[in-house]
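Structural overview
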Amino acid sequence: MRHIHIVGIGTGNPEHLTVQAINALNAANVILIPSKGAAKTELADVRREICQRYVTNRATRFVDYDVPSRQTAERSYVQSVDEWHDAISATYERLFLAHLGEHESAAFLVWGDPGLYDSTLRILERVVARGNVTLDYSVVPGITSIQALTASHRIPLNLVGKPVQITTGRRLTESFPGLAETAVVMLDGEQAFSKIDDPEAYIYWGAYLGTRDEITIAGRLADVSERILATRAEARARHGWIMDIYLLRKGQDFDDRE
Ligand SMILES: C[S@@+](CC[C@H](N)C(=O)[O-])C[C@H]1O[C@@H](n2cnc3c(N)ncnc32)[C@H](O)[C@@H]1O
């Protein structure tokens, strides 16, 4: 049976790779490298750098592939993602049949951790469900952008004994400041923090975390919101793309002590 290693690679710093990840990459016959168009070239470069640095198995074969882009016209968000996942799963199926012998293995280098806002696992399940190729798969955990953010700011993720909500920009107002003292916001194309009007909220923001271009800003939201917006816009224009994440916090350790 073919085997697929789904390897978390951390978020931009090649030193985020775990020993388990390095071993999985060296165990694979084929390493699959996505090239997702111009904006993602730098991410493909990080993957190549990781392979150059850690793959010592001379028999490893490297295969580049194009990731289909998501079509959004005249579709709901759910329809669009569903179709997109189907298209990617068809790409995976073709890759496995074309490049993997029946008892060989391949590795995907997944940004951060494969379990956090990533669909590689879901898409592989679609490949399995279609039944045209038999395979099994295993997952190597990776350092997430959440850990990269809290480490860069030298803060704990949670307040003592309190919950954390992980959400997207689109849904931020459902959870913060009402539901959770800490909200981590990912995939925010609309800078939802700028719509939160709460004088007690703090923000810890980071872009390109783990890379040479890392930027971080922290402070009382009302004081730094404008600076983050300007810094983000300038960096996005300069790089042609941006990946950013932030943690919003209200309250302090032990502030609910009876
Ligand atoms: C599709 S999700 C992938 C998350 C990834 N699996 C992880 O474990 O962090 C992409 C989002 O993760 C966040 N992200 C990933 N890498 C990042 C980085 N190096 N710096 C800042 N944010 C990052 C951003 O919020 C981005 O929109």
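These numbers were taken from a predicted model, which means no experiment stands behind them.

Together, Tyr117, Leu157, Val164, Ile166 and Leu187 make up an exposed nonpolar region whose accessible area comes to about 430 Å². By the element assignment, isoleucine 166 lies in strand S6 (residues 164–168). Here isoleucine 166 falls in the partly exposed class, since its relative accessible area comes to 39%.

With respect to the element layout, arginine 232 can be found in helix H7 (residues 221–239). If near-sequence neighbours (up to four positions away) are discounted, arginine 232 is found in contact with Asp188, Gln191, Trp205, Ile242 and Asp244.

Right, let's get into the domain arrangement of the protein. With domains assigned, the protein is organised as domain 1 (2–143) and domain 2 (146–249). With centres defined by C-alpha atoms, the gap from domain 1 to domain 2 works out at 27 Å. Residue-level contacts link 14 residues of domain 1 with 18 residues of domain 2. Of the roughly 1200 Å² buried at the junction of domain 1 and domain 2 (both faces included), carbon and sulfur atoms supply 63%. Connecting domain 1 to domain 2 are one salt bridge. Taking the shortest distance from any N to any O, the salt bridge between arginine 212 and glutamate 49 comes out at 3.7 Å. For the pair domain 1 and domain 2, the number of links is one residue pair in polar contact (both at pLDDT 80 or more).

Now for the side chain of threonine 11. Mapped onto the elements of the fold, threonine 11 is located in the loop between strand S1 (2–8) and helix H1 (19–27). Given the relative accessible area of 4%, threonine 11 is considered buried.

This part takes up the packing of aromatic side chains. This structure, assessed with the given rule, holds seven aromatic pairs. With a centroid separation of 4.5 Å and an interplanar angle of 35 degrees, the aromatic rings of tyrosine 92 and phenylalanine 108 are classed as tilted. With tyrosine 92 in helix H3 (residues 77–99) and phenylalanine 108 in strand S4 (residues 105–110), the pair connects residues that are 16 residues apart, well separated along the chain. The exposure class of tyrosine 92 is buried, given its relative accessible area of 5%. Assessed through its relative accessible area of 3%, phenylalanine 108 is described here as buried. Relative to phenylalanine 108, the ring of phenylalanine 96 lies with its centre 6.1 Å away and its plane at 70 degrees, an arrangement referred to as edge-to-face. Here phenylalanine 108 lies in strand S4 and phenylalanine 96 lies in helix H3, a separation of twelve residues in the sequence. Taking relative accessible area as the criterion, phenylalanine 96 reaches 0% and is therefore assigned buried. Ring pairing ties together the aromatic residues Tyr65, Tyr92, Phe96 and Phe108, which thus form one cluster.

The rules behind each value
Residues numbered from 1 in each chain as written. Predicted model: local features only at pLDDT ≥ 70, side-chain atom pairs only at ≥ 80, totals over all residues. Heavy atoms only, no water. Patch = residues over 30% accessible without salt bridge, like charges linked within 9 Å, V, L, I, M, F, W, Y side chains within 5 Å. Areas by Shrake-Rupley, 256 points an atom, 1.4 Å probe, with all protein chains shown as cover. Salt bridge = Lys/Arg side-chain N within 4 Å of Asp/Glu carboxyl O. Helix = DSSP H or I, 4+ residues; strand = E, 2+ residues; numbered from the N terminus. Buried < 20%, exposed > 50% of the residue type's maximum accessible area, 1.4 Å probe, protein only. Contact = heavy atoms within 4.5 Å. Domains from an automatic or database assignment. Buried area = accessible area lost by both parts, 1.4 Å probe. Polar contact = N/O pair within 3.5 Å; in protein donor to acceptor, adjacent residues only side chain to side chain. Phe/Tyr/Trp six-rings, centres within 6.5 Å; stacked < 30°, edge-to-face > 60°.

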